[in-house]
Amino acid sequence: MEGKTGIVRRLKVTGGFTGRSKVPAGCFEVMVMLLLCLGLSCASPPPQVSPRLNVVLILTDDQGAHLSKLGTPGIRTPNVDRLAAEGYSFTNAFAAVPSCSPSRSSINTGMYPHANGHWRNTITPGLNAPDKQFGRESSVVDKVGIHEYIKTLPEILGEAGYFTAITQKFHMSPPWKFPYTARNPVHNNPEEYRKVIGSYIDKAEGQPFFFQANVSPPHRPLHKNLQQFPEYRVHPDSVAVPDDLPDTPELRSDLAEYYGNVQLADACAGAIIDVLRDRGLLENTIVIFTSDQGAAYHRAKASVYYAGLHVPLIWHGPGVPVPGMRSEALISLTDLMPTILDVLRLPIPKTVQGHSFMGIMSHGGSARYQGYVFGEHNSHGPARAEHYPSRMVFDGRYYYIRNLLPDKTYELPADLKMAEVWGNHAYDATVAAENSHPLPYALLRQLENGRPAEELYDIKEDPNQVNNLAGQAAYTSQKSNLSTALTNWRKRTGDLVDDPLFIPTRQPLPPTYSEGVNPD
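This structure is a prediction, so every number in the text was calculated from the model and none was measured.

Caption draft 1: Representation of the overall build of the protein in the model. Within the protein, the regular secondary structure consists of 15 helices and 13 strands. Counting the 520 residues in the protein, one finds 57% classified as buried. Partitioning the intrachain contacts of the protein with sequence separation of at least 6 by distance along the chain shows that 73% fall at a separation of at least 24. Surface summary for the protein: the accessible area is close to 21600 Å², and the carbon and sulfur share equals 54%.

Set out below in structure tokens:
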């Protein structure tokens, strides 16, 4: 069969196409290239896909780095495992902040909460609210939110011609800064996700699309999801209890409910991926799987401890050189937005503080990335009792925490404590185990009653962070290096105040360069 080069050569030798009419000068090469682009065959029409890549961000709610692919005992996550086997996994990925609203806005701005202004959870419209509630005339607008001058990911992709859609919950402020063409509150039902994602694809009508596919499991209350989908239950004997929680029957039962919800989240993710595969769109779509923060346990969600910020991260799509690869590179979820824009060849706003990790994937993990990953917590909700500002830096081995108001007492958010409404039995189980498991009890009370100004942990030897090394002379060098790195990061990113009450929010204009808004 004749190749494209041969066809061009033959057409030039014979003087072009035969027939009565002659090709005007200058048009010959255009016609040849048009034929080549069409493949010179009516039998093989071009695939009906967008010439630009689609993006689907699957974002589970309160899921730590727990997958069977990551070696978590007691659970099966076949759908996300397959995504990882075909894509690229990052085992050192961290949310910028361990609370829902600020984490989601940090993903969609590529910025840390102290810099984008969205430093705590916010009240926002439900996804079934009318369109006007997502515009400037909305009656549901929190006083905290991102600054007006910041460009968000859905804004940029919408302006670039993308159809944008979101599921489960909104939770970002102010609503008009996160414009989505379509919204649906589907949250925990795999079959409903199939229908909704399919309808979104239909509504896109050939446009490239960006779906923020939020999934509520494993957010509490855990038992309600399992009452609806009992097939995902996990036996309590199969789970591994971390060292900072008491290994009691009550705790095991609660942890088994969490792992069952992780399995349900996997089924929802699988339904979303199956629709893309069945529609022939998977190979033309970037699929990202991650979570907004760690699991809803004390010393996890709403704290900067390892279990609060360490999340799964899988990237699947065109450009992955070797399927199934893993990287231990330190990744922040603030890096997602610049990486997506980098792959799509769209401009990255100067406000973005994250960095594209496309080079890691394109070089098979051999590219050098960054030496540290950073995170923060300011408050979960608006109540002053829930304010507890902390910052962290991790170098891949040692994990340093600076508590900015160390002596302040801290009230845990309701879902980390209440059994009656939120079905959390881990808190009461830890309190009841004061005598049988004194260490988890002491760590809980320290969490609530005031923490050390500095904490340092060797994650390789102590992944559950029960042995604070900050006061030990043998680790002076590690603590000093990480403390310096954290101080420099705070200056570089405009983290200028210790008390979250003084963090600027929803500003119309950017501060000056001297106030530290630029990442470099």
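Next, the rest of the story.
Caption draft 2: Representation of the side chain of S332. Relative to the helices and strands, S332 resides in strand β9 (residues 325-332). Using a relative accessible area of 2% as the deciding quantity, one classes S332 as buried. Side-chain polar atoms of S332 contact the side chain of T334, separated by 2.8 Å. Filtering out sequence-adjacent residues up to four positions away, S332 remains in contact with F94, A96, Y112, Q370 and V373.

Caption draft 3: Quick look at the sheet that holds strand β11 (residues 387-394). Strands sit in the order β10-β11-β12-β13 across an open sheet of four strands; the sheet is antiparallel. With partners counted over all chains shown, the strands left at the sheet margins are β10 (373-379) and β13 (454-458), one partner each. Taking the axes of each pair of neighbouring strands and ignoring which way they run, one obtains an average angle of 15° across the sheet. Relative to β13, strand β12 (residues 398-403) is paired through five bridges, and the arrangement is antiparallel. Counted as the bridge partner of Y400 is L456 from β13. Taken strand by strand, helix α15 (residues 476-492) contacts β10, β11, β12 and β13, and its axis lies near 55° from that of β12.

Caption draft 4: Quick look at the nonpolar core. Among the nonpolar cores identified, the biggest contains 67 residues, and F90, W315, I331, F357, F394 and Y399 are the most heavily contacted of them. The biggest single contributor to this core is helix α11 (residues 336-344), with five residues. Excluding residues that lie within four positions of it along the chain, F394 makes contacts with N92, F94, Y306, L330, G371, Y372, V373, Y399 and I459. Grouped together as the second largest cluster of nonpolar side chains are 35 residues, L67, I197, A204 and L264 included.

Caption draft 5: Just the environment of L264, in detail. Relative to the helices and strands, L264 resides in helix α9 (residues 249-278). Residue L264 is classed as buried on the basis of its relative accessible area, which comes to 0%. Taking the C-alpha atoms as reference points, L264 and T77, separated by 187 residues in sequence, lie 8.7 Å from one another. Leave out the neighbours within four places in its chain, and L264 touches N188, P190, P217, N225, F229 and Y232.

Caption draft 6: Spatial organisation of the packing of aromatic side chains. As enumerated under the stated definition, the model contains 22 aromatic pairs in all. On the basis of an interplanar angle of 90° and a centroid distance of 6.0 Å, the ring pair of Y258 and Y297 is categorised as edge-to-face. Of this pair, Y258 sits in helix α9 while Y297 is found in the loop between β6 (285-291) and α10 (306-309), placing the two residues 39 residues apart along the sequence. When its relative accessible area of 2% is taken as the criterion, Y258 is described as buried. Classification of Y297 as buried rests on a relative accessible area of 5%. Members of the aromatic cluster, joined through ring pairs, are F134, F170, F178, Y180 and F210. The residue whose ring lies beneath R299 is Y305, and the NZ or CZ to ring-centre distance is 4.2 Å.

Caption draft 7: Inspection of the pairing of strand β8 (residues 313-316) at higher detail. Of the two faces of β8, the one holding L313 and W315 and the one holding I314 and H316 are both buried throughout. In this structure, strand β2 (residues 88-94) lies alongside β8, joined through two bridges in antiparallel fashion. Looking at β8, one finds that S89 is bridged to I314. In this sheet, β8 lies alongside β6 in antiparallel orientation, the contact comprising four bridges. Within β8, the position partnered with F289 by the bridge is I314.

Caption draft 8: Local environment of the environment of S480. Relative to the helices and strands, S480 is located in helix α15. Sequence-wise, S480 and A470 are ten residues apart; in three dimensions their C-alpha atoms are separated by 9.7 Å.

Caption draft 9: The side chain of N54, seen in detail. Looking at the element boundaries, N54 is found in strand β1 (residues 54-60). Looking at N54, its side chain comes within polar contact range of the main-chain nitrogen of F209, at 3.0 Å. If we ignore the near neighbours within four places in the chain, the residues touching N54 are Y162, Q207, P208, F209, L281, N284, T285 and I286.

Caption draft 10: Up close: helix α4 (residues 100-109). Counting buried residues along α4, ten of its ten residues qualify, which places the element largely inside the surrounding structure. Along α4, the residues that are buried comprise C100, S101, P102, S103, R104, S105, S106, I107, N108 and T109. Contacts from the buried residues of α4 go to β1, α5 (113-116), α6 (153-159), β5 (209-215) and α11.

Caption draft 11: Just the packing of helix α7 (residues 190-204) against α9, in detail. Put simply, α7 and α9 touch, their axes get as near as 8 Å, and they point 30° apart. Regarding α7 and α9, the two cross each other, and that crossing is right-handed. Where α7 approaches α9, its residues P190, Y193, R194, I197, G198 and I201 are matched on the opposing element by L264, A267, C268, A271, I272, D274, V275 and L276. Of the residues belonging to the contact of α7 with α9, the class tally is eleven nonpolar, one polar and two charged.

Caption draft 12: Main features of α7. End to end, α7 covers 21 Å across 15 residues, agreeing with the expected 21 Å (1.5 Å per residue, within 8%). For α7, the full list of buried residues reads P190, Y193, V196, I197, G198, Y200, I201 and A204. Contacts made by the buried residues of α7 are with β3 (163-167), β4 (182-184), β5 and α9. A distance of 3.0 Å separates the backbone nitrogen of E191 from a side-chain oxygen at the start of α7, and that oxygen is part of N189. Looking one or two places after α7, you find E205, whose phi comes out positive at around 50°.

So, how was this worked out
Residues numbered from 1 in each chain as written. Predicted model: local features only at pLDDT ≥ 70, side-chain atom pairs only at ≥ 80, totals over all residues. Heavy atoms only, no water. Helix = DSSP H or I, 4+ residues; strand = E, 2+ residues; numbered from the N terminus. Buried < 20%, exposed > 50% of the residue type's maximum accessible area, 1.4 Å probe, protein only. Contact = heavy atoms within 4.5 Å. Areas by Shrake-Rupley, 256 points an atom, 1.4 Å probe, with all protein chains shown as cover. Polar contact = N/O pair within 3.5 Å; in protein donor to acceptor, adjacent residues only side chain to side chain. Pairing = 2+ DSSP bridges. Axes fitted to C-alpha atoms, helices over the stretch in contact; angles between N-to-C directions. Core = buried A, V, L, I, M, F, W, Y, C linked by side-chain atoms within 4.5 Å. Phe/Tyr/Trp six-rings, centres within 6.5 Å; stacked < 30°, edge-to-face > 60°. Lys NZ or Arg CZ within 6 Å of the ring centre and 35° of its normal. Left-handed = near helix turned anticlockwise from the far one by under 90°. Nonpolar A, V, L, I, M, F, W, Y, C, P; charged D, E, K, R; others polar. Expected span 1.5 Å × (residues − 1).

Everything listed here is a matter of geometry and, on its own, says nothing about what the molecule does.
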